[in-house]
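Chain by chain, the residues run as shown.
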Amino acid sequence: MKVTLQNLTKVFPGRSKNNHADVVAVNDFSFEIADGELIGLLGPSGCGKSTALNLICGLQEPTSGSIFFDEDDVTNLPPEDRGVGLVFQNYALYPHLTAMQNILFPLQNIKGAERLSKADMQKRAHEVAALVQIDELLDRKPAELSGGQQQRVAIARALAKMPRILLLDEPLSNLDARLRLQTREEIRRIQRETRITTVFVTHDQEEAMSISDTIVVMRSGVVEQIGKPQDVYDNPMNLFVATFLGTPPINVFSGEISGGKLLIGKEALFETNGFPDREVYVGIRPEGFIPDGNGPLHLNLRNIEVMGRDVTVVSTHGASVNPVIRSIISADSSIDVSATEVSFSVKRAKVFVFDKDTEARII
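Please read all numbers here as calculations on a predicted model, not as lab measurements.

Q: Quick question: what am I supposed to make of the packing of aromatic side chains here?
A: For any two aromatic rings, the description comes down to two numbers: the centre-to-centre distance and the angle of the planes. Overall, the coordinates contain four aromatic pairs when judged by the stated rule. Look at F240 and F244: their rings are 5.7 Å apart centre to centre, the planes differ by 25°, and that puts the pair in the stacked class. Here F240 pairs with F244, and both are found in helix α8 (residues 239-244), just four residues apart, close to one helical turn. By relative accessible area, F240 is classed as buried at 13%. Ring geometry for F289 and F344: centres 5.2 Å apart, planes at 70°, overall edge-to-face.

Q: Any chance you could explain the sheet that holds strand β16 (residues 297-306) here in plain terms?
A: Sheet strands associate in pairs through backbone hydrogen bonding, adopting either a parallel or an antiparallel arrangement. Spatial strand order, β15-β19-β16-β17-β18: five strands in an open sheet with antiparallel pairing. Edge positions in the sheet fall to β15 (289-291) and β18 (325-330), since each has one partner strand and no second. Sheet twist, expressed as the mean angle between neighbouring strand axes with direction ignored, is 50°. Here six bridges tie β16 to strand β17 (residues 310-316), and the two strands are oriented antiparallel to one another. Directly across from N303, in β17, lies its bridge partner V314.

Q: Looking at this structure, how should I read the sheet that holds strand β14 (residues 278-284)?
A: Spatial strand order, β13-β12-β11-β14-β20: five strands in an open sheet with antiparallel pairing. With partners counted over all chains shown, the strands left at the sheet margins are β13 (267-271) and β20 (351-355), one partner each. Strand-to-strand twist across the sheet, computed as the mean angle between neighbouring axes with direction ignored, equals 35°. In this structure, strand β11 (residues 251-258) lies alongside strand β12 (residues 261-264), joined through three bridges in antiparallel fashion.

Q: Just checking my understanding: could you explain the layout of surface pockets for this structure?
A: Where empty space is left can be seen by rolling a probe of water-molecule size over the atoms. Of the volumes computed, that of the largest pocket is approximately 850 Å³. What lines the largest pocket is a set of 27 residues, among which P79, E80, V84, P106 and K161 lie closest to the centre. Listed by contribution, the elements that provide at least two residues to the lining of the largest pocket are β6 (84-87), α2 (99-108) and α4 (147-160). Looking at the lining of the largest pocket, the element that brings in the most residues is β6, giving three residues. Of the residues assigned to the lining of the largest pocket, the class counts are 15 nonpolar, three polar and nine charged.

Q: Any chance you could explain the nonpolar core here in plain terms?
A: As a rule of thumb, soluble globular proteins bury nonpolar side chains together. Membership of the largest hydrophobic core comes to 36 residues, with the highest contact counts inside it found for I103, I134 and L159. At the level of elements, α2, α3 (118-131), α4, β7 (165-169) and α5 (177-194) are the ones that each hand at least two residues to this core. Looking at this core, the element that brings in the most residues is α4, giving seven residues. Excluding anything up to four places from it in sequence, I134 contacts I103, A129, Q149, R152, V153 and A156.

Q: Would you mind showing me how to read α5 here?
A: Residues separated by three or four positions in an α-helix point in the same direction, a consequence of the helix having 3.6 residues per turn. Helix length check: α5, at 18 residues, gives a terminal C-alpha distance of 26 Å against a target of 26 Å (1.5 Å per residue), a fit within 8%. Along α5, the residues classified as buried are R180, T183, R184, E186, I187, R188, I190 and Q191. Residues of α5 that are buried make contact with β3 (38-42), α3, α4, β7, β8 (197-202) and α6 (205-211). Of the residues one or two after α5, R195 is the one with positive phi, at around 60°.

Q: It is not clear to me how the packing of α2 against α3 should be interpreted in this structure. Could you clarify?
A: For any two helices packed against each other, the geometry comes down to the angle between their axes and how far apart the axes lie. In contact at an axis separation of 10 Å, α2 and α3 are set at 125° when each is read in the N-to-C sense. Looking at the two axes, α2 sits oblique to α3. For the crossing formed where α2 meets α3, the hand is right-handed. Residue-level inspection shows M100, I103, L104, L107 and Q108 of α2 in contact with α3, the latter providing M121, Q122, R124, A125, H126, V128 and A129. A per-class count over the contact of α2 with α3 returns eight nonpolar, three polar and one charged.

Q: What should I look at first to understand the packing of α4 against α5 in this one?
A: Axis separation between α4 and α5 bottoms out at 10 Å; the angle between their running directions is 20°. Our classification of the angle between α4 and α5 gives roughly parallel. Considering how the two elements wind past one another, α4 and α5 form a crossing that is right-handed. On α5, the residues touching G147, G148, Q151, R152, I155 and L159 of α4 are L179, Q182, T183, E186, I187 and I190. Looking at side-chain class alone, the contact of α4 with α5 contains five nonpolar, five polar and two charged residues.

Q: Would you take a moment to explain α2 for this structure?
A: Of all 10 residues that make up α2, seven are buried, and the element is covered over most of its length. Tucked into the core, α2 has its buried residues touching α3 and α4.

Q: Would you explain the side chain of D355 in this entry?
A: You can see D355 is positioned in strand β20. Polar side-chain contacts of D355 include one of 3.3 Å to the side chain of R278. Only 2.9 Å separates the side chain of D355 from the backbone nitrogen of T358, close enough to count as a polar contact.

Q: Help me out: how do you make sense of the pattern of salt bridges in this one?
A: Pairing between side chains of opposite charge can happen when their charged atoms approach one another. In this structure the tally under the stated criterion is 13 salt bridges. Among the salt bridges present, the one from R184 reaches E206, with a minimum N-O distance of 3.6 Å. Of this pair, R184 sits in helix α5 while E206 sits in helix α6, and the two are 22 residues apart along the sequence. Among the ionic pairs, K350 bridges to E287, the shortest N-O distance being 3.4 Å. With a gap of 63 residues between them, K350 in the loop between β19 (341-346) and β20 and E287 in the loop between β14 and β15 connect regions that are remote in the sequence. Through salt bridges that share partners, R180, D204 and E207 make up one connected network.

The rules behind each value
- Counting restarts for each chain, with residues numbered from 1 along the sequence as it is written.
- Per-residue local features are limited, in this predicted model, to residues with pLDDT of at least 70; the limit for side-chain atom pairs, both in listing and counting, is 80 or more; totals at the level of whole chains, interfaces and linings are taken over all residues.
- The side-chain figures draw on all heavy atoms in the structure; neither hydrogens nor water molecules are used.
- Note on aromatic contacts: the rings of Phe and Tyr and the six-membered ring of Trp form a pair at centre separations within 6.5 Å, being stacked when their planes are under 30 degrees apart, edge-to-face when over 60 apart, and tilted otherwise.
- Note on conventions: DSSP H or I runs of at least 4 residues are helices, E runs of at least 2 residues are strands, and numbering of each starts at the N terminus.
- Only protein chains enter the area calculation, which uses a 1.4 Å probe; residues under 20% of their type maximum are buried, those over 50% are exposed, and those in between are partly exposed.
- At least two bridges found by DSSP between two strands is the condition for calling them paired.
- Helix axes are fitted to C-alpha atoms over the stretch in contact, other axes to C-alpha atoms as well, and angles between N-to-C directions run from 0 to 180 degrees.
- Lining residues are those with an atom within 4 Å of a point, where the points come from a 1 Å grid over the protein atoms alone and group into cavities, where a 1.4 Å probe fits but cannot get out, or pockets, open sets with protein on both sides within 12 Å along at least five of seven lines.
- Grid points are joined across faces, edges and corners, and a volume is the space filled by probe spheres set on the points.
- Gly is put with the polar residues, along with every residue not named as nonpolar or charged; the nonpolar set is Ala, Val, Leu, Ile, Met, Phe, Trp, Tyr, Cys and Pro, and the charged set is Asp, Glu, Lys and Arg.
- Nine residue types can take part in a nonpolar core, namely buried Ala, Val, Leu, Ile, Met, Phe, Trp, Tyr and Cys, and a core is a set of them joined through side-chain atoms within 4.5 Å.
- Contacts: residue pairs with any heavy atoms within 4.5 Å of one another.
- Here, expected helix span is obtained from the residue count minus one, scaled by 1.5 Å.
- Roughly parallel means an angle under 35 degrees; roughly antiparallel, over 145; roughly perpendicular, 65 to 115; everything else is oblique.
- Handedness of each helix crossing follows the sense of rotation of the near helix against the far helix: counterclockwise by less than a right angle gives left-handed, clockwise gives right-handed.
- Pairing of N or O atoms within 3.5 Å defines a polar contact, subject to two protein rules: one partner must be a possible hydrogen donor and the other a possible acceptor, and residues neighboring in sequence count only if both atoms are side-chain atoms.
- Any carboxyl oxygen of Asp or Glu within 4 Å of a side-chain nitrogen of Lys or Arg constitutes a salt bridge here.

Shown next as structure tokens:
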């Protein structure tokens, strides 16, 4: 199922006593989700990603714009007629029902010619339970299940209706780190097996990048960048996207282009022939540093964190926007831990330059 959003806007009227201004949660959002794709809607809290999801499923009506499922305009279609499956952040399972009864619930509420026989309902419930690997837990109630198992029941319930589109609203945020990793791998596996068009909402960029075919980075209701995860990471369009993607985050310095060179303080990183002199922000990915005794960038060494295969060099610099600078280098690299200063050269592909006023990327 292809999903097309055309100039989608959602405005909430201001209700605060001190501020009556309207809130634009989604602002002129246009995007096409290809059939069978898994899309990650990514951004900080309040950026409009969950609102966009609610507009797609019909829980909220757009202020303006249109929503199409294939060629069908569903903008004004009620949620129950859109054929979507929705998985909530808090699972929303019925506590008094078993896992099997929770999965069967949406099937039992189908009316008319599409209603299944009891035998077919049972068959479909067992099929989706096997798909999410909870077929041995169907007689348990939610309180008897772990968080990851409850999440799988919620996904099975959404899949039982054979939805045209699967919508996941921060489905992993209540799980611990190990379970998050396991469950996101399961979500990707299930999506690939079913080929259901899926929209995955999260504020966790690692989650979005690891399982999405395409990510949509949002801020304040506006789409900042759309693309394949690695492409967006390697080619951020602006400073916001660069700083939002990446763990540890990108290191940002105040700098300038002067005399055909990129400077951080008085240290010239490389030549920038053809670019006019201006003040800039310089972003360097943590993996973009190369230990080099003759390197142009000199940092004040604070600490070294040994992470096994990698080493993180923690340092500071007078022009750094971040409180500390994190440089990830190979564990085979030698750093004198007793030194007060460490020198680096940089990988050109891991350095991004942004205009200081507009924050748009220029190099």
